[in-house]
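What follows is each chain in one-letter form.
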Amino acid sequence: MSAFDPTRVFRKLAYNNALANARLYRACAALQPGEFEAKRVSFFPSIKATLNHILIVDWFYVDALEGGTLGMKAFEVDDPFDTLEALSVEQGSVDRRLVTVCETLDPDALARVIDLHRGNRIQRERAEDVLSHLFQHRTHHRGQVHAMLAGSSVAPPQLDEFIVADDARFRGEELAELGWDEATLMR
């Protein structure tokens, strides 16, 4: 093994996030008509609304991590996508952007200050804190979708395991769909 790399955990979190989203969207694709939009008990009132919220917040933070100034424009529309298919395409896109951000990190980049454009003010936070916050947010709301799936016709997918070498046998097909291999995940 090589020396400790403080950026590795963020790369793995980005890969794990994209893999979890792919699993979640695949499960949601099996929902019966009306279940995607059905009112449910959670922080947001449906699977559709929750997935849209995850995406909107991703737009906000990933743009800031890339040095952008999208800011509050990300929140102008509560549910920008009406279909799971459209949401899936855009979520995959922002997931790839986050992977790219994390693949290009070095220790100095983790310590750099990120400007989060909040309308009438700019919030300034270290990149490592913004990334940690973003991954926590995604995990929290994916868990809510997971729970909502438990009340649908679809069994919730496996989301509670992190990327470890011993689980490689379970994710080959999914990695191929994402265009990755085990060597990428284990760097």
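Here, the structure is the one placed above.
Remember, predicted model here, so these are calculated numbers, not experimental data.

A. Up close: the side chain of Glu-174. Within the secondary structure layout, Glu-174 lies in helix α6 (residues 172–178). When residues no more than four places from it in sequence are discounted, the contact partners of Glu-174 are Leu-19, Arg-23 and Arg-26.

B. Quick look at the pattern of salt bridges. Scanning the model with the defined rule gives 12 salt bridges in all. Between Arg-11 and Asp-5 there is a salt bridge; the shortest N-O distance is 3.3 Å. The class for Asp-5 is partly exposed, based on a relative accessible area of 28%. Arg-26 is paired through a salt bridge with Glu-174; the nearest N and O atoms lie 3.2 Å apart. Of this pair, Arg-26 sits in helix α1 (residues 8–28) while Glu-174 sits in helix α6, placing them 148 residues apart in sequence. Residue Glu-174 is classed as buried on the basis of its relative accessible area of 12%.

C. Inspection of the layout of surface pockets at higher detail. In this structure, the largest pocket encloses a volume near 310 Å³. Counting residues per element, the ones that place at least two in the lining of the largest pocket are α1, α3 (84–103) and α6. The class makeup of the residues in the lining of the largest pocket is 5 nonpolar, 4 polar and 5 charged.

D. Quick peek at the nonpolar core. Judged by nonpolar contacts, the single largest core of 52 residues is most densely connected at Ile-47, Leu-51, Leu-65, Leu-98, Leu-131 and Leu-149. At the level of elements, α1, α2 (47–65), α3, α4 (107–111), β1 (113–117) and α5 (127–150) are the ones that each hand at least two residues to this core. When residues of this core are assigned to their parent elements, the largest contribution, 12 residues, is made by α2.

The rules behind the values
Residue numbering note: each chain is counted from 1, following its sequence as written. Note on the predicted model: pLDDT of at least 70 is required for a residue's local features to be given, and 80 or more for side-chain atom pairs to be given and counted; whole-chain, interface and lining totals, by contrast, use all residues. By convention in this description, side-chain values take in all heavy atoms of the structure and omit both hydrogens and water. A run of H or I in DSSP counts as a helix once it spans at least four residues, and a run of E counts as a strand once it spans at least two, with each numbered from the N terminus. In this description, contact between two residues means that some pair of their heavy atoms is separated by no more than 4.5 Å. Put simply, a salt bridge is a Lys or Arg side-chain nitrogen that is within 4 Å of an Asp or Glu carboxyl oxygen. Relative accessibility under 20% of the residue-type maximum defines a buried residue, over 50% an exposed one, and the middle range a partly exposed one, all with a 1.4 Å probe and only protein chains included. Put plainly, a pocket is an open set of points on a 1 Å grid over the protein atoms alone with protein on both sides within 12 Å along at least five of seven lines, a cavity is a set where a 1.4 Å probe fits but cannot get out, and a lining residue has an atom within 4 Å of a point. Grid points are joined across faces, edges and corners, and a volume is the space filled by probe spheres set on the points. Three classes are used, and their members are as follows: Ala, Val, Leu, Ile, Met, Phe, Trp, Tyr, Cys and Pro are nonpolar, Asp, Glu, Lys and Arg are charged, and the others, Gly among them, are polar. In these notes, a set of buried Ala, Val, Leu, Ile, Met, Phe, Trp, Tyr and Cys residues joined through side-chain atoms within 4.5 Å is what counts as a nonpolar core.

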